[in-house]
Amino acid sequence: MRVFLIHGMGRTSASLALLARRLKAAGHDVDTFGYFVTKDVLDVIAHKFRGFGDEKRAGEPFAVIGHSLGNVITRVCLPLE
């Protein structure tokens, strides 16, 4: 399964490196998404994450593992139904 990792505010993708290695060792395809809250506002970051995910997953099932603000960004990307 494809897994997207998204870090929290004040962190970088490096903070999820150990988890990424463990998921890869378990057979998952892992992609990390990095962002800077000092550069973009939440909606812009969420838009970039949505595009990143769409490009990488190519229609296949996926999971998102986020930490702190990474989960908020993920929630912003969810459809409102």
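Now for a description of the structure that goes with this document. (Residues numbered from 1 in each chain as written. Predicted model: local features only at pLDDT ≥ 70, side-chain atom pairs only at ≥ 80, totals over all residues. Heavy atoms only, no water.)

1. Some points on the pattern of salt bridges
Using the following cut-off: Salt bridges, as used here, are contacts in which a Lys or Arg side-chain nitrogen is within 4 Å of a carboxyl oxygen on Asp or Glu. Comment: elements are numbered from the N terminus, with helices defined as DSSP H or I runs of at least four residues and strands as E runs of at least two. Only protein chains enter the accessibility calculation, which uses a 1.4 Å probe; a residue is then buried when its area is under 20% of its type maximum, exposed when over 50%, and partly exposed in between.
Applying the stated criterion across every chain yields a total of five salt bridges. Between Glu 60 and Arg 2 there is a salt bridge, with the nearest N and O atoms lying 2.8 Å from each other. In this pair, Glu 60 is assigned in the loop between helix 2 (42-57) and strand 3 (62-66) and Arg 2 in strand 1 (residues 2-6), connecting sequence segments 58 residues apart. Judged by relative accessible area, Arg 2 falls into the buried class, the value being 14%. Put simply, Asp 54 and Arg 57 hold a salt bridge, and the shortest N to O gap is 3.8 Å. Of this pair, Asp 54 and Arg 57 are both found in helix 2, three residues apart, which corresponds to roughly one turn of the helix.

2. Description of the packing of helix 2 against helix 3 (residues 69-77)
As a reminder of what qualifies: Axis geometry follows a simple rule: fit a line to the C-alpha atoms, using only the stretch in contact for helices, then measure angles between N-to-C directions, giving values from 0 to 180 degrees. The scheme is simple: roughly parallel for angles under 35 degrees, roughly antiparallel for over 145, roughly perpendicular for 65 to 115, oblique for anything else. When checking whether two residues touch, look at their non-hydrogen atoms; a contact exists if any pair is within 4.5 Å. Residue classes follow a fixed rule: Ala, Val, Leu, Ile, Met, Phe, Trp, Tyr, Cys and Pro count as nonpolar, while Asp, Glu, Lys and Arg count as charged, and any other residue, Gly among them, counts as polar.
Contact geometry of helix 2 with helix 3 gives a least axis separation of 9 Å together with a crossing angle of 75°. Put simply, helix 2 runs roughly perpendicular to helix 3. When helix 2 is examined against helix 3, the residues Leu 42, Asp 43, Ile 45, Ala 46, Phe 49 and Arg 50 are found in contact with a partner set consisting of Leu 69, Val 72, Ile 73, Thr 74, Val 76 and Cys 77. Grouping the constituent residues of the contact of helix 2 with helix 3 by class yields nine nonpolar, one polar and two charged.

Everything listed here is a matter of coordinates, which is why it stays silent on function.
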